[in-house]
Amino acid sequence: MTTTETTTRQIRRAQARQIHRAQARQSQTEQAQILTEEIMAQRTAPAAAKAKALTLIKGQLTDAELQAWQADYDARLQTIHQCPEQNLGHIEESLADAVKEPLRLLAERAAQAKANATTCQCRTCQRPLTHRRQLSRVIDSRFGPLTLWRDYGRCPHCEEWQFPADYALGLAKKASASPYLQEISALLVTKMPAEQAVPVAQRLGLDLSRCLLHCEAHRQGLKAQGRRAQSLAQLDTWSDIQQLASHTEGPPTQPFTLVIEIDAWNIRERDDWGQTKELLLQGKKLERWHWVYMATVFRLDHRGQTAGQRSLISQRGYVATRLGLEALTAQLYREALQRGLAQAQQVLIVADGALWIWKLALDRFPHARQQLDLWHAEEHLWAVAHDLYGRGTAEATAWVTPLLQQVRNDQTLTVIATLAQIKPRLLETQQEKLQTQIEYFEHNTHRMKYKAVCDAKEAVATGTATAEQIQLANQPLGSGAIESTCRQYQCRFKRTGQFWTTPGDEALMCLETFWRNGRWQELYPHAKSSAALN
Ligand SMILES: [Zn+2]
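Residues numbered from 1 in each chain as written. Predicted model: local features only at pLDDT ≥ 70, side-chain atom pairs only at ≥ 80, totals over all residues.

**Student:** Describe the sheet that holds strand E3 (residues 160-162), and please don't skip the residues or the numbers.
**Tutor:** Sheet architecture is open: three strands sit in the order E1-E2-E3, paired in antiparallel fashion. Two strands in the sheet have a free side with no partner beyond their single neighbour: strand E1 (130-141) and E3. For this sheet the average axis-to-axis angle between neighbouring strands, irrespective of direction, equals 30°. Pairing of E1 with strand E2 (residues 144-155) involves 10 bridges; the strand directions are antiparallel. (Pairing = 2+ DSSP bridges. Helix = DSSP H or I, 4+ residues; strand = E, 2+ residues; numbered from the N terminus. Axes fitted to C-alpha atoms, helices over the stretch in contact; angles between N-to-C directions.)

**Student:** I'd love a proper account of the packing of helix H10 (residues 325-338) against helix H11 (residues 355-364), names of residues and values included.
**Tutor:** Describing two packed helices takes the angle between their axes plus the distance from one axis to the other. Contact geometry of H10 with H11 gives a least axis separation of 11 Å together with a crossing angle of 50°. Here H10 lies oblique to H11, going by the angle between them. Between H10 and H11 lies a crossing whose hand is right-handed. Contacts from Leu325, Thr329 and Tyr333 of H10 reach H11 at Trp356, Leu360, Asp363 and Arg364. For the contact of H10 with H11, the per-class residue count stands at four nonpolar, one polar and two charged. (Parallel < 35°, antiparallel > 145°, perpendicular 65-115°, else oblique. Left-handed = near helix turned anticlockwise from the far one by under 90°. Contact = placed C-beta atoms within 7 Å. Nonpolar A, V, L, I, M, F, W, Y, C, P; charged D, E, K, R; others polar.)

**Student:** For helix H6 (residues 194-203), give the residues involved together with the corresponding values.
**Tutor:** All of the buried residues along H6 are Ala194, Ala197, Val198 and Ala201. The buried residues of H6 occupy an angular sector of 115° when the element is viewed end-on, so they sit on one face. Opposite the buried face of H6, at more than 90 degrees from it, the exposed residues are Glu195, Pro199 and Arg203. Where the residues of H6 are buried, they touch helix H5 (179-191) and helix H7 (210-232). (Buried ≥ 20, exposed ≤ 12 C-beta atoms within 10 Å, placed from the backbone. Arc of directions from axis to C-beta.)

**Student:** Any chance you could break down the nonpolar core for me, citing the residues and the numbers?
**Tutor:** Membership of the largest hydrophobic core comes to 61 residues, with the highest contact counts inside it found for Leu213, Ile260, Met294 and Ala295. Ranked by residues supplied to this core, first place goes to helix H19 (residues 502-516) with seven residues. Membership of the second largest hydrophobic core comes to 11 residues, among which are Ala377, Ala385, Val415 and Phe441. (Core = buried A, V, L, I, M, F, W, Y, C linked by C-beta atoms within 7 Å.)

**Student:** I'd like a description of the sheet that holds strand E4 (residues 257-268), backed by residues and values.
**Tutor:** Spatial strand order, E8-E5-E4-E9-E10: five strands in an open sheet with mixed pairing. At either margin of the open sheet sits one strand with a lone partner, and together these are strand E8 (317-321) and strand E10 (369-372). Taken over all neighbouring pairs, the strand axes of this sheet differ in orientation by 20° on average, direction set aside. Seen against the sheet, H10 touches E4, strand E5 (289-299) and E8 and runs at an angle of roughly 170° to E8.

Printed below as a string of structure tokens:
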């Protein structure tokens, strides 16, 4: 091999290496270029979406979207048509499914248009916001997640950053639920535990997690408590009380009696989560059971009977609180004013023998007539009968029957005399028990006036009642209305293995009470009708 040949080969190799290197460099450059383009595209895509969103002035679907939607449900309905085993249920389900995405798009665009139309000014002082920028957020809605862009800025006067569009749309600062989902979470969780509400919501076409339901319902409960506090603040000034007292619904009516029934039940709470052991070691006594105070208020002329002789109250107010007697008293007084306390010819308070109830009655409703629940009075007599003659015996029934009649005839003093007569014949332990019962009747004698109502009821049954008796017969002898309400609340708040915390149960009970009082719309202005159920 000559030197020249060697040199030429070396040169060729060197050239090949150079070309290879150049190619590699070019490929690297191309790759980098592609990557850069991708990154740029990724950046510009949201920027384009943002620009498009922020100029939207109307929520609508394009012609292409509408056609695609129509084609989709045509195909779905055709499939159902061809399958003999599929019924109207399948049509309902399939159409609801088909409509979800178009509605989601419409909702997203309509909300965006509303956000765009919102003036970027301070909601407190109405000054324009400075340092304006845009930020997106995702909202969970009835139709699925919606991405929204909105302006925000700072009010130099109030020294606060604000998102005016969020306020206009009814969105919370740190929670993703739309107003409809806020309401549905509140409604579901007041009726059933969150874990049960998840599959129920899903069947209704709503994908809600247990966490969203639970947290949102609690937040809504706190909102309801805030609203309740506002309405209670009306009791702080004389002019507000006057205004509340003069409030009457509809035209002036016949004189009426306002009935107030009061009761209480126990709720199981665990206030010191995770610290139980430690607190017990420190010798602290842990209270697990707490009182929930409840009351109901209604006008006697709003009480009637169903064809099946069941009493029915068309309009009534409810009060429920775990925050003590003072809270109950204020809430009950507010509710009574709302329901016609100032217009009522007579106020009747019906309850069992609990002392705190009569103290409250005397304090807040000093002119009200107090009535002991007849069935409680009878239970006390039955207790004596069972103690003397044994539970379920004919002797017990024979002994108690005339006494029960005396109670209905307003002859409580005769009953007390009978009890006092038999006392010396008893054993010492029996005497003590009987003495308690005697005192019960002595303390309540003035609250045991049932005769007029019993006579009126009988007159109505025999068709001989006067107009006055017809009205009187409607008067409740017991506090069954509040007792049934207590049971209904307990169905939700007193389930096996359930523990509550005070903030947790009070918030949910407050929500439930707004629902029952027909004031749901105060919390959710979009909810057209609100329930007022017995
Ligand atoms: Zn301001």
